[in-house]
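Chain and residue survey
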Number of protein chains: 2
Amino acid sequence: MRYLDKDAIERIAIGAAFLGTGGGGDPYIGKMMALSAIEKNGPVRLYSVDEIEDEDFFIPAAMMGAPSVLVEKFPRGDEFVKVFQKLAKYIGKEKITGTYPMEAGGVNSMIPIVVAAQLDLPLIDCDGMGRAFPELQMVTFNLDGISATPMAITDEKGNIGIFETIDNKWTERLARTATVEMGASSLVSLYPTTGAQIKKSGVHHIITLSEKIGEIISSKEQNAKEKLQELLKLVSGYQLFQGKIVDVIRETKGGFNLGKMNLEGIEENKDENMKVHFQNENLIAEKDGQVVAMTPDLICLVDYETLLPVTTESLKYGKRVRVIGLPAHEKWRTDKGIETAGPNYFGYDYDYVPIEELVKKVVVKHV
Amino acid sequence: MRYLDKDAIERIAIGAAFLGTGGGGDPYIGKMMALSAIEKNGPVRLYSVDEIEDEDFFIPAAMMGAPSVLVEKFPRGDEFVKVFQKLAKYIGKEKITGTYPMEAGGVNSMIPIVVAAQLDLPLIDCDGMGRAFPELQMVTFNLDGISATPMAITDEKGNIGIFETIDNKWTERLARTATVEMGASSLVSLYPTTGAQIKKSGVHHIITLSEKIGEIISSKEQNAKEKLQELLKLVSGYQLFQGKIVDVIRETKGGFNLGKMNLEGIEENKDENMKVHFQNENLIAEKDGQVVAMTPDLICLVDYETLLPVTTESLKYGKRVRVIGLPAHEKWRTDKGIETAGPNYFGYDYDYVPIEELVKKVVVKHV
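Just so we're clear, the structure is a prediction, and the values are computed from it rather than from any experiment.

Residue and element names in this part refer to chain B. When you line up the elements, Thr-97 lands in the loop between helix H4 (79-91) and helix H5 (111-119). Of the residues examined, Thr-97 reaches a relative accessible area of 15% and is grouped as buried. Excluding residues that lie within four positions of it along the chain, Thr-97 makes contacts with Asp-56, Phe-57, Phe-58, Leu-121 and Pro-122.

Laid out in structure tokens, this is it:
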């Protein structure tokens, strides 16, 4: 067990936004929510997965829907606790041991910290994705057959829903329509899980990894190239491209931020181009028309100079970025993982090829 | 208290379908469900509103969505009990005293009979409309500020939702999107109510009225004209038109059966025409371009010969019908009632005029 203080939260917000691959919410908003909760309630206890008991019981809390909308309807901050407590009451367990994030992301890594601070509950160092994904069944617990429901959903107005569904795709369908009706963004608690389930099916150490990533990115002592090298080493990643955003096509549809962006290469990538497709999260990266990374592997955009993560809702014409690719957690590289969140599921007609293989086929410029 | 046997159910299904004004479901399907429940569990006890205590607690059960779809996905029959019990459990009351229909209608008057039979609960002689309406806030309880939630919703596949909303229009919005996602039709329990609330805000004696209407319509001893006269007297109604359906435009949209039909007059109405607009229920009747009846007053189509009610999903080219208009319950004729379910709410640019006034302006042919 260790305490998460303000500095830790700053780092985690940055690192989790990086792993959010464009989704999971804006790290500035997330950070502000968590800092304010800690200011009021004191630091949060972080437990590693080894420190929990099999029979302990945990409830995650997260934001659902289009991250761009969350920026406009900033939650009051008590909705996270409300949706968490609603689900806890519905389940009827005498004691909820703690909470943890559903996914990595600037906001979605911070919401459980707010809940943990406000309810004085432990936070567990794990999540259900090891990255961010747009749909509720894209969770490692789902790959192991764990039910997403009962789940609770709420909006900033105070409406509440509870769902119990026949499978996790139906959870996604019903929660998605409710989210759209609630104004394209909602707050949810789902995948209530035991300690044993977390040990078997969660992505472990993800908060600590986020913090390490955030520490590298926010270092004042290294220049961009040095930081990048350290970052790529830590996450076994590749710099796929460096360039300027020249075109962004996007729409908010069905409770998602959908779209694609075109990048024009700079420096080593001069005269080359890259196209990145996204649905909240970046899904496919093509360099000069050739796929160089595909979901479930991670495609992360960072600012060219600062290496700060760039989320899909903040894409802007002219912004210079680096595109970094890294391998997904091994649970996503199984048949079930690829079926659930691979390129075919999102409508792309590619067989999944791991990023390590893809980068061999195209010339990857090393820094 | 009296028992409802098979004959009573046959009559109630017919009479309730008449009061359903085109909506509320097909009486044949409704009847078959209720008869099968009674066959298995014995007759159902019907209590008048005078016989219940203020602190008694009741939960209605109903079908929501496009009635035409229900015909295709006939429920197994245990979903009504399931959704009722889900809400009962959620509310946490030790004892649910009984059940009652939300609205009059061929199916929606029968579903509470199925629940009452299967759970051996009393049925109360009241509903929340005195007719059928398409949306969840169009309930006399809502007019008196009673919350529609907590509500439970389920589908034939086994998915379950519970909603608690900030007002009853939000109940309609969230339950409607869930219903559409569930396949345009769902089963719901909502407006949990005390005996005192039913006494003050319910529409009383509606099941008994339905039964009387059904008795007249199914009489073998009278001809169509005699039956019609008796029926109009009982419900203070008017025959607005008799004619042949020559055109029906309809679509299933947003979980509703929407459309309009054109009728060509016969006999006394020869060379005249009528147009009826509907959204599950018949809303506006125009004779030769002049409005002769409008919501919340009732516009009921019956077969020309048998006087059996004609629901909107069974409208057919060439069918000969009588159009009967009758005054809505006084609760619907208040300012709040007209605001909630009057012509403006449905997008028609008419000020509400009671049918008794409207029929004075046009020549109403008497039988």
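Residues and elements named next belong to chain B. Running from N to C, helix H2 (residues 27-41) and H5 point in directions that differ by 10°, and their axes come no closer than 8 Å. Viewed along their axes, H2 and H5 adopt a mutual orientation that is roughly parallel. Helix-helix and strand crossings are classified by hand; for H2 and H5 the assignment is left-handed. Counting all contacts with H2, which are made through Met-33, Ala-34, Ala-37, Ile-38 and Asn-41, the residues of H5 involved are Ile-111, Ile-113, Val-114, Ala-117 and Gln-118. Taken together, the residues that form the contact of H2 with H5 break down as eight nonpolar, two polar and no charged.

Facing the 19 residues of chain B at the interface are 19 residues of chain A. Buried surface at the junction of chain B and chain A, summed over both partners, amounts to about 1,900 Å²; 57% is from carbon and sulfur atoms. Summed over the three residues of chain B that lose the most area to chain A, namely Asn-159, Glu-164 and Glu-181 of chain B, the buried surface amounts to 29% of that side. For the pair chain B and chain A, the interface holds four salt bridges. For Glu-181 of chain B, the salt bridge goes to Arg-173 of chain A, with nearest N and O atoms at 2.7 Å.

Next up on the list: helix H10 (residues 224-235) of chain B. In an α-helix, one turn spans 3.6 residues; hence positions three or four apart end up facing the same way. Residues and elements named next belong to chain B. Between its first and last C-alpha atoms H10 spans 16 Å; for 12 residues at 1.5 Å apiece the expected length is 16 Å, and the two agree. Three or more residues of H10 are buried, namely Ala-224, Lys-227, Leu-228, Leu-231, Leu-232 and Val-235. Projected down its long axis, H10 carries its buried residues within an arc of 130°, all on one side. Each element contacted by the buried residues of H10 is listed here: helix H1 (6-19), helix H9 (206-217), strand E12 (238-253) and strand E18 (320-326). Two or three places before Lys-225, at the start of H10, stands the capping residue Asn-223, its side-chain oxygen 3.1 Å from that residue's backbone nitrogen. Looking one or two residues beyond H10, the residue adopting positive phi is Ser-236, at roughly 55°.

Turning our attention to the sheet that holds strand E8 (residues 160-164) of chain B. The strand order across the open sheet formed by eight strands is E4(A)-E9(A)-E7(A)-E8(A)-E8(B)-E7(B)-E9(B)-E4(B), and the pairing between neighbours is antiparallel. Each of the sheet's edge strands pairs with one partner strand only, and the pair in question is strand E4 (62-65) of chain A together with strand E4 (62-65) of chain B. Here the average twist between neighbouring strands, direction ignored, is 30°. Alignment of E4 of chain B against strand E9 (residues 185-189) of chain B, held across four bridges, turns out to be antiparallel. Counterpart to Met-63 of chain B in the pairing with E9 of chain B is Leu-187 of chain B. Lying on the sheet, helix H7 (residues 168-181) of chain A is in contact with E4, strand E7 (151-154), strand E8 (160-164) and strand E9 (185-189) of chain A; it crosses E4 of chain A at an angle near 80°.

What follows deals with the relation of the copies chain B and chain A. Structural alignment of chain B on chain A gives an RMSD of 0.0 Å, achieved by rotating through 180° and translating 0.0 Å along the axis. What we have between these two chains is a two-fold relation. Minimal C-alpha separation from the rotation axis in chain B is found for Ile-162 of chain B, amounting to 2.4 Å. A shared binding surface is used by both copies, with 100% of the interface residues of chain B retained as interface residues in chain A.

Another aspect to go through is the packing of H9 of chain B against H10 of chain B. Residue and element names in this part refer to chain B. Relative orientation of the contacting elements H9 and H10 amounts to 165°, with a least axis distance of 9 Å. With respect to H10, the element H9 is oriented roughly antiparallel. Viewed along their axes, H9 and H10 form a crossing whose handedness is right-handed. Together, Leu-209, Lys-212, Ile-213, Ile-216 and Ile-217 of H9 and Lys-227, Glu-230, Leu-231, Leu-234 and Val-235 of H10 make up the contact between the two elements. Per-class residue counts for the contact of H9 with H10 are seven nonpolar, no polar and three charged.

Note the cis peptide between Thr-295 of chain A and Pro-296 of chain A, where omega equals 10°. Structurally, the position occupied by Pro-296 of chain A is in the loop between strand E16 (290-294) and strand E17 (298-303). With an omega of 5°, the peptide bond running from Thr-149 of chain B to Pro-150 of chain B counts as cis. As for its position among the elements, Pro-150 of chain B is in the loop between helix H6 (140-143) and strand E7 (151-154). You will see that Asp-120 of chain B, though not glycine, has its phi angle at about 55°, which is positive. Tracing the backbone shows Asp-120 of chain B in the loop between H5 and strand E5 (123-124).

One recurring pattern in soluble globular proteins is that nonpolar side chains are buried together. Grouped together as the largest cluster of nonpolar side chains are 196 residues, with contacts concentrated most on Phe-18 and Ile-113 of chain A together with Phe-18 and Ile-113 of chain B. Counting residues per element, this core draws most heavily on helix H1 (residues 6-19) of chain A, at eight residues. Among all residues touching Phe-18 of chain A, those that are not within four sequence positions of it are Ile-213, Ile-217, Leu-231, Cys-300, Val-302, Pro-309, Ile-324 and Leu-326 of chain A.

Residue and element names in this part refer to chain A. Domain annotation of chain A identifies domain 1 (2-206) and domain 2 (223-361). Taken over C-alpha atoms, the centre of domain 1 sits 24 Å from the centre of domain 2. At the junction of the two partners, domain 1 supplies 42 residues and domain 2 supplies 34 residues. Summing the contributions of domain 1 and of domain 2, the shared interface buries around 2,900 Å²; its carbon and sulfur component is 66%. Between domain 1 and domain 2 we count zero salt bridges in total. Of all the secondary structure elements, the ones that give two or more residues to the side of domain 1 that touches domain 2 are H1, helix H3 (67-72), helix H6 (140-143), H7 and helix H8 (195-201).

Summed over all chains, the structure comprises 10 aromatic pairs over all chains. For the ring pair Tyr-90 of chain A and Tyr-90 of chain B, a centre distance of 6.0 Å and an interplane angle of 45° mean the geometry is tilted. Placement of Tyr-90 of chain A in helix H4 (residues 79-91) and of Tyr-90 of chain B in helix H4 is noted, with the two residues assigned to different chains. With centroids separated by 4.8 Å and ring planes inclined at 70°, the aromatic side chains of Phe-133 of chain B and Trp-332 of chain B adopt a geometry described as edge-to-face. Residue Phe-133 of chain B is found in the loop between strand E6 (126-127) and H6, and its partner Trp-332 of chain B is found in the loop between E18 and helix H11 (335-341); the two are separated by 199 residues along the sequence. Taken together through their ring pairs, the aromatic side chains of Tyr-100, Phe-141 and Tyr-191 of chain A make up a single cluster. Seen from the ring of Phe-57 of chain A, Lys-93 of chain A lies directly overhead, with NZ or CZ sitting 4.8 Å from the centre.

Residue and element names in this part refer to chain B. Within the structure shown, the criterion is met by 32 salt bridges over all chains. Where Asp-144 meets Lys-200, a salt bridge forms, and the shortest distance between an N and an O atom there is 3.7 Å. Taken together, the residues span a long stretch of sequence, with Asp-144 in the loop between H6 and E7 and Lys-200 in helix H8 (residues 195-201) at a distance of 56 residues. For Asp-144, a relative accessible area of 35% gives the class partly exposed.

About the thresholds
Residues numbered from 1 in each chain as written. Chains lettered and ligands numbered in written order. Predicted model: local features only at pLDDT ≥ 70, side-chain atom pairs only at ≥ 80, totals over all residues. Heavy atoms only, no water. Helix = DSSP H or I, 4+ residues; strand = E, 2+ residues; numbered from the N terminus. Buried < 20%, exposed > 50% of the residue type's maximum accessible area, 1.4 Å probe, protein only. Contact = heavy atoms within 4.5 Å. Axes fitted to C-alpha atoms, helices over the stretch in contact; angles between N-to-C directions. Parallel < 35°, antiparallel > 145°, perpendicular 65-115°, else oblique. Left-handed = near helix turned anticlockwise from the far one by under 90°. Nonpolar A, V, L, I, M, F, W, Y, C, P; charged D, E, K, R; others polar. Buried area = accessible area lost by both parts, 1.4 Å probe. Salt bridge = Lys/Arg side-chain N within 4 Å of Asp/Glu carboxyl O. Expected span 1.5 Å × (residues − 1). Arc of directions from axis to C-beta. Polar contact = N/O pair within 3.5 Å; in protein donor to acceptor, adjacent residues only side chain to side chain. Pairing = 2+ DSSP bridges. Least-squares fit on C-alpha atoms with pLDDT ≥ 70 in both. Core = buried A, V, L, I, M, F, W, Y, C linked by side-chain atoms within 4.5 Å. Domains from an automatic or database assignment. Phe/Tyr/Trp six-rings, centres within 6.5 Å; stacked < 30°, edge-to-face > 60°. Lys NZ or Arg CZ within 6 Å of the ring centre and 35° of its normal.

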